[in-house]
Amino acid sequence: MCRIAAIISNNINTLDSRINAMSNVMHRGGPDDFGTLVNADFGYALGHRRLSIIDLSPTGHQPMIDKENKIEITFNGEIYNYKGLKNDLINKGHQFFTESDTEVLINGYKEWGNNFLEKLKGMFAFILIDKNKNLLFAARDHAGIKPLYIGKKNNDIYFSSEIKGFKAIDADWEENINWKIWFLTYGFLPEPITTLKNVKPIPRGSYITIDLSTKEEKLNTFYKYQYNENVIDYKKAVENTRDLIEKSVTRHLVADVPVGVFLSGGIDSSILAIITQQQKKSPIETISIYFDDEKYSEKEYQELIIKQTGVKHHLYKISKEEFLNSWNEIYESLDQPSTDAINTHFICKYAKQNGLKVVLSGVGGDEIFGGYPSIKRVNNFNNYSRLAIINKFLPNILFGSYPNKKIDYLNKKINASEYLLYRGLFTPKDVAKILNIHTQDVWKELATFTYQENIEKLSPQNRATYYETAIYMQSQLLKDSDTQSMWHSLELRVPYLDKDLMDFVNNLHPSVKFPKGKTKPLLVDAFIDVLPKQIWSRTKQGFTFPLETWFKSMSVFKNEYLIPKFIYKTFSKKIDTYSRVWAIYLYKIDKVKILNQNINNFSFKPNTLFTYLSAFKDSGGVQKVNKTILKSLEFNESNDVEAWGVYDEFIDSKYFPAYAYKGFKGNRGYYFYNVLLNSFKWKHIIVGHINLASVIRVVKFINPKIKLTLIVHGIDVWDKQTNSKKWLLNNAHKIISVSNYTKQQLIDINFIKAEKIKVLPNCIDPFFEKSIITNINQSRDYLLERYKISDSQKIILTVSRIKSTEKYKGYDKVIEALSRIKENTKIEFVYILCGNYDELEFLRVKKIIADSNLEKNVILTGFVPDIELVDHYKLADVFIMPSKKEGFGIVFIEAAACGTRVIAGNSDGSVEALLNGEIGQLVDPDSVDEIFNLLLENLTSNNINKEKLQEKVMENYNFKLYKEKLNKLLFN
């Protein structure tokens, strides 16, 4: 059991540092050894963190290479039948130099190719390099016990055992904006959903091949769940089940370290303990936990097995105090959000404390043998469907509250409707309410879910078994088991997911598998002679904590900014479960906040509101300013600040905590209503745009004592203001302007007193700063390839909105100047014009390009995501935007911060942004001659000190300096 990582990239200079970062962030899963392999010629790197279980010697070191230096592998997991496979391979002439199962994978691949996967019995995820074929081969076991994610960014491909591996490459890796919908609906993220954009798991029972040269990718499946519904004699089925389980346990005990068992006192773990002890001469170690609350205790059932088998048992009591003390660690240990990892966290913790490296778990027993209520509920599915029709026409009459209102799932034709009826956490309506989005948007997203197998013809009980196995077990139980065991450097094995056993049981007819009378009859009857009746005859009790009781006593969940009142109200009345409260908390809370406060004393009582138009829905300078303001205000030490965005639908939590944010999606009426409703709550409102003047004026009328600070950007306040806008300028306690140019316009045109206006120049976004640092040697080859740019071509860049209402940006003048350069010089060039455009301006610009004979020289890219901006700036030889109405011009300082030459207009706030010419050149925006001459000068000269330019920009425009100044202006 280990942690693995891999990279395919043309940027060979940073392969070593990146693979080290990915591997080391997963060190808890492999504390015994560490290795990397970097191949600059082929453009790949492999990483490995080792937890030594089989072949503890240094010969088991990974990444492992075959003797011909043609096959390389990094492997996570265990192959339980590796000794038999090894003998077969030796008979076929293969040599072995280690005692590890890793070497069996190498030679198995060499002997049988892709088909060797079908021979493996175990749990595995590995990445293999075949230099003969210039190929990367990555595979995941039949049941998806071991994780393996693939992520893509900037034309690079990454593999990692954990999502945090991708975050180690880029802490600001873009979020999958819809992950919260899935999490609140399911209580976990169903595969292939992750929290990150362009990151997904390799499907279970599948392998992927990637050509290292072309990066051509192929996905293939070697194993699928099958339900052929074979009818055999029940007695024979019982005998076969016992035989297969005993053989599975025997295989799962293969290790060069002691193997323990989690003993809960239920059917599944009790059988594992009994079989394991039968196969061992000395007492095995078992682990269990208990609580003061007898309602959750299974001690009496554990004692039955302990007495019967003679195992060496370790029993640990978990108190509420210990739970609270572990709160931060539990949160940190979650690689992906889950509502069901707490119990596994503690049992793994104690196994590790007892010196165990390997434990057997009963995961899979309920899923394969039908231990859940869903197996019985499917028989009533038709009745549920009829009730759903009634509910559709008489909504909320019979099913108005959770969990009954989940019946609504059957009124929508989405693949997971039946599963969500049984196990869904929140309904789409509640998810929409919590996230402040439209219900139809939730349904639309959930409708994209698909199954790996075709289940349309499955009988109801097999269908329910499939749901529990392929969704719940796959994406929650196995994921939680892996992340929590690895957090504690522990290998967790699951004998009930043995491939032979799964194939046999899955393919039995439901009448054989689920005869009436007992819970999990096939499993119970297989071990009826050794399994105490008190264990199999009792009502099923899950492995649960007294979280309902503990959560109710915690003030953190009573804070309406974390848990909506309508949720906590039903939770306190025992209508809702703790998992619904826990899910909302996990999606809202920020790690920084949670780690800086005692969670049970968490408090958030905002007395300040920052309200703005948009920070994330649209792109542009004002949006960038709003992001930096949000980041500057998060977790303010002296004032709790909340933020409301009129047009935003979501908040990127790296800028501002989700619990302190509300977005209104452009619903100005609803926004207006909420602001007025809360007028007396705030002492101070920071107004992000003068266009909010009318609503702020009403607030001031309702609450005359409220303090107002207005942020002004540029052109929006340069004209003479009237009505509410004029009122806001006059009645704001303070005005913060992005430039002296804008300040002077306010003084000259609107007659605002100079002493009221404070100037605070914009800054480099804090995450843009990080990108500059981390991407110093980042390859921009993917952009050259995307735009078909040759090495001989000079690159001119403009980043701007291209709209008919903003024709003052000057790109049309740049095109005219470039046409002269093409006519009068031999310079080969490409002009990349980036930004959103409307149809009218797009057609106008296209005509200008055609008239200038520059169709082959100008590239209109449309919107460029922030994660690619640094690469665009660094790709360019010159950045130019000779605007006439720029309030400040953040794009200028961004380009200069990347060491790129900058040309801007000399008649607006751009002059201040470029420090009066210290970090760029200024030009008359109306003079095509001047633009032509400056462009020509810059395209033919290499005289620039990039490092000095970058230092100057960061000295004046770094985020830390901006944050200090902004908070001083706002709160002193």
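Fair warning: this is a prediction, and the values are worked out from it, not measured in the lab. (Residues numbered from 1 in each chain as written. Predicted model: local features only at pLDDT ≥ 70, side-chain atom pairs only at ≥ 80, totals over all residues. Heavy atoms only, no water.)

Turning our attention to the sheet that holds strand β14 (residues 285–290). Taken together, five strands build an open sheet; the order of strands is β15-β14-β13-β16-β17 and the sheet is parallel. In this open sheet, the two edge strands, each paired with only one partner strand, are β15 (312–317) and β17 (491–493). Across the sheet, the axes of successive neighbouring strands diverge by a mean angle of 30°, strand direction being ignored. For strand β16 (residues 358–360) and β17, the ladder comprises three bridges, and the chain directions are parallel. For V359, the partnering residue across the bridge sits in β17 and is L492. (Pairing = 2+ DSSP bridges. Helix = DSSP H or I, 4+ residues; strand = E, 2+ residues; numbered from the N terminus. Axes fitted to C-alpha atoms, helices over the stretch in contact; angles between N-to-C directions.)

Inspection of every chain in the model, using the stated rule, returns 44 salt bridges. Across the pair E468 and R423 runs a salt bridge, and its minimum N-O distance is 2.7 Å. Residue E468 is located in helix α18 (residues 460–487), and its partner R423 is located in helix α15 (residues 417–423); the two are separated by 45 residues in the primary sequence. Judged by relative accessible area, E468 falls into the buried class, the value being 4%. R423 sits in the partly exposed class, given a relative accessible area of 25%. Connected via shared salt-bridge partners are R3, K146, E162, K164 and D482. (Salt bridge = Lys/Arg side-chain N within 4 Å of Asp/Glu carboxyl O. Buried < 20%, exposed > 50% of the residue type's maximum accessible area, 1.4 Å probe, protein only.)

Let us now look at the pairing of strand β6 (residues 122–130). The element β6 is largely enclosed, with a buried count of nine among its nine residues. What you see with β6 is no split at all: G122, F124, F126, L128 and D130 on one side and M123, A125, I127 and I129 on the other are buried throughout. The pairing of strand β5 (residues 71–79) with β6 spans nine bridges and is classified as antiparallel. For T74, the partnering residue across the bridge sits in β6 and is I127. One ladder, built from six bridges, connects β6 with strand β7 (residues 135–140); its direction is antiparallel. By the bridge assignment for β7, A125 is matched with R140. From the end of β6 to the start of β7, which pair antiparallel, there are four residues, and N134 there has a positive phi angle of about 55°.

Once that is clear, we can look at the packing of aromatic side chains. In this description, an aromatic ring pair is defined by two values, namely the gap between the centres and the angle between the planes. Counted under the stated rule, the structure contains 59 aromatic pairs. With centroids separated by 6.1 Å and ring planes inclined at 45°, the aromatic side chains of W179 and F183 adopt a geometry described as tilted. Remark: F183 and W179 occur in helix α5 (residues 179–186); sequence separation between them is four residues, near one turn of the helix. Between F291 and W550 the ring centres are 6.2 Å apart and the planes differ by 75°, which places this aromatic pair in the edge-to-face class. Separated by 259 residues along the polypeptide, F291 in the loop between β14 and α8 (299–309) and W550 in helix α23 (residues 547–552) bring together distant segments of the chain. For the pair shown, F291 and W550 are each scored as buried. Sitting above the plane of the Y372 ring, R423 keeps its charged end 4.5 Å from the centroid. The ring centre of F566 lies 3.9 Å from the NZ or CZ of K433, which sits over that ring. (Phe/Tyr/Trp six-rings, centres within 6.5 Å; stacked < 30°, edge-to-face > 60°. Lys NZ or Arg CZ within 6 Å of the ring centre and 35° of its normal.)

What follows covers the packing of helix α6 (residues 234–252) against helix α7 (residues 267–278). Contact geometry of α6 with α7 gives a least axis separation of 10 Å together with a crossing angle of 65°. Between α6 and α7, the angle falls in the class roughly perpendicular. When you trace α6 past α7, the crossing you get is right-handed. Contacts between α6 and α7 pair I245, E246 and V249 from the former with L272, I275 and T276 from the latter. (Parallel < 35°, antiparallel > 145°, perpendicular 65-115°, else oblique. Left-handed = near helix turned anticlockwise from the far one by under 90°. Contact = heavy atoms within 4.5 Å.)

Another point: empty space enclosed by the protein. On inspection of all chains with the given rule, the structure shows 10 cavities of 30 Å³ or more. Around the largest cavity sit 15 residues that line it, and C2, I54, Q62, D101 and T102 are the ones nearest its centre. The set of elements that each furnish at least two residues to the lining of the largest cavity consists of β5 and α3 (101–112). With three residues, β5 is the largest single contributor of residues to the lining of the largest cavity. Residue composition of the lining of the largest cavity, grouped by class: six nonpolar, six polar and three charged. In this model, the second largest cavity occupies a volume close to 80 Å³. R140, P147, Y149, L478 and K479 are the residues nearest the centre of the second largest cavity, which is lined by 14 residues in total. (1 Å grid on protein atoms, 1.4 Å probe; cavity = no way out; pocket = protein on both sides within 12 Å on 5 of 7 lines; lining within 4 Å. Points joined across faces, edges and corners; volume = space filled by probe spheres on them. Nonpolar A, V, L, I, M, F, W, Y, C, P; charged D, E, K, R; others polar.)

This part takes up the environment of T344. Considering the arrangement of structural elements, one finds T344 in helix α11 (residues 342–353). On the basis of relative accessibility, which here comes to 12%, the residue T344 falls in the buried class. Separated by 236 residues in the primary sequence, T344 and G108 have C-alpha atoms spaced 34 Å apart. Ignoring sequence-local partners within four residues, the contact set of T344 consists of D480, S481 and Q484.

So, on to the side chain of S883. Structurally, the position occupied by S883 is in the loop between β28 (878–881) and α37 (890–897). Look past the residues within four positions of S883 in its chain and what remains in contact with it is Y808, K809, G905, S907, D908 and P925.

In this section: the packing of helix α2 (residues 82–91) against α3. For any two helices packed against each other, the geometry is given by the interaxial angle and the distance between the axes. Two numbers describe how α2 lies on α3: the axes approach to 10 Å, and their chain directions differ by 45°. One element, α2, and the other, α3, form an angle in the oblique class. Considering only the axes of α2 and α3, their crossing is left-handed. Contact with α2, carried on its side by Y82, L85, K86, D88 and L89, involves D101, V104, N107, G108, E111 and W112 of α3 and no other residues of that element. In the contact of α2 with α3, the residues fall into five nonpolar, two polar and four charged.

Next up on the list: the sheet that holds strand β4 (residues 64–65). Strand order in the open sheet formed by six strands is β4-β5-β6-β7-β11-β12, with antiparallel pairing between adjacent strands. Each edge of the open sheet carries a strand with a single partner, namely β4 and β12 (217–221).

Mapping L135 onto the fold places it in strand β7. For L135, a relative accessible area of 17% translates into the label buried. Considering only alpha carbons, one finds L135 and D211, 76 residues apart in sequence, at a separation of 4.8 Å. When sequence neighbours within four positions are dropped, the list of residues in contact with L135 reads Y109, L128, I129, D130, T209, I210, D211 and L212.

Next up on the list: a nonpolar patch on the surface. On the surface, Y670, Y673 and L677 cluster together to form a nonpolar patch covering roughly 340 Å² of accessible area. Note on placement: Y670 falls in helix α28 (residues 668–677). Residue Y670 is classed as partly exposed on the basis of its relative accessible area, which comes to 38%. (Patch = residues over 30% accessible without salt bridge, like charges linked within 9 Å, V, L, I, M, F, W, Y side chains within 5 Å. Areas by Shrake-Rupley, 256 points an atom, 1.4 Å probe, with all protein chains shown as cover.)

A cis geometry characterises the amide bond from Q62 onward to P63, with omega recorded as 0°. By the element assignment, P63 lies in the loop between β3 (44–50) and β4. In this model, E191 is joined to P192 through a cis peptide bond whose omega is 15°. For P192, the position within the fold is in the loop between α5 and β10 (199–201). One non-glycine residue, N134, lies in the positive phi region at around 55°. With respect to the element layout, N134 can be found in the loop between β6 and β7. Among the residues examined, N134 registers a relative accessible area of 18% and is labelled buried.

So, on to helix α35 (residues 839–851). Taking 1.5 Å per residue, 13 residues should reach 18 Å; α35 reaches 18 Å between its end C-alpha atoms and fits that length. N853 lies just past α35 and shows a positive phi near 60°. (Expected span 1.5 Å × (residues − 1).)

Of the residues in the chain, 94% have a pLDDT of 70 or more, and the chain-wide mean is 90. In this model, residues 591–596 is a region of pLDDT below 50 whose contacts with residues beyond four sequence positions or in other chains number 14 contacts. (pLDDT = per-residue confidence, 0-100.)

Next up on the list: the environment of Y659. Locating Y659 in the fold gives a position in the loop between β19 (641–645) and β20 (661–663). By relative accessible area, Y659 is classed as buried at 3%. For the pair Y659 and P564, spaced 95 residues apart in sequence, the C-alpha to C-alpha distance is 9.8 Å.

This paragraph deals with the state of the cysteines. One pass over the full model with this rule turns up zero disulfides. We note that C348 lacks a disulfide partner, and the nearest cysteine sulfur, in C2, lies 16 Å from it. Here C834 stays unpaired: no disulfide links it, and the sulfur of C898, its closest cysteine neighbor, is 13 Å away. (Disulfide = S-S within 2.5 Å.)

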